[in-house]
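Architecture and fold: a report
So the chains spell out like this:
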Amino acid sequence: MATKRTNMRIGLNKGHPTTVIEKRVRPAHRKGISSTKTKFVRSIVREVAGFAPYERRVLELLRNSKDKKARKLTKKRLGTLLRSKRKLEELSNVITESRRTGH
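Residues numbered from 1 in each chain as written. Predicted model: local features only at pLDDT ≥ 70, side-chain atom pairs only at ≥ 80, totals over all residues. Heavy atoms only, no water.

**So, the pattern of salt bridges**
All told, the structure shown has six salt bridges when counted by the stated rule. Arg 63 is the salt-bridge partner of Glu 60, the closest N and O atoms lying 3.7 Å from each other. Here Arg 63 and Glu 60 lie together in helix α2 (residues 53-63), a separation of three residues that amounts to about one turn. Overall, Glu 60 belongs to the partly exposed group, its relative accessible area being 42%. One salt bridge connects Lys 87 with Glu 90, and the closest N-O pair in it is separated by 3.9 Å. Residue Lys 87 and its partner Glu 90 are located together in helix α4 (residues 81-101), separated by three residues, close to a single helical turn. Assessed through its relative accessible area of 14%, Lys 87 is described here as buried. Residue Glu 90 is classed as partly exposed on the basis of its relative accessible area of 33%. One continuous salt-bridge network, built from bridges that share partners, spans Arg 46, Glu 55, Lys 87 and Glu 90. (Salt bridge = Lys/Arg side-chain N within 4 Å of Asp/Glu carboxyl O. Helix = DSSP H or I, 4+ residues; strand = E, 2+ residues; numbered from the N terminus. Buried < 20%, exposed > 50% of the residue type's maximum accessible area, 1.4 Å probe, protein only.)

Laid out in structure tokens, this is it:
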């Protein structure tokens, strides 16, 4: 829609001219964006608790380059393909990080 209305009855800018009210930024607009505190807490929990048994199995499958088998396993455990892809991405990042540090 056009930004400025005129008093015309037809056309792109039709309608009574009004002032635009700016919308307030609400906390709900931040939904889905993880905060730094949440990231920190999750990293501490991951460090303390380690990996779930299925995650260890998936890590082993990824190290042996059996990606399709790993994808199937994570999809079965997590329910959807999108969650499976995210988990595989996360675990492959863990593998590359461990190779970089030399453990």
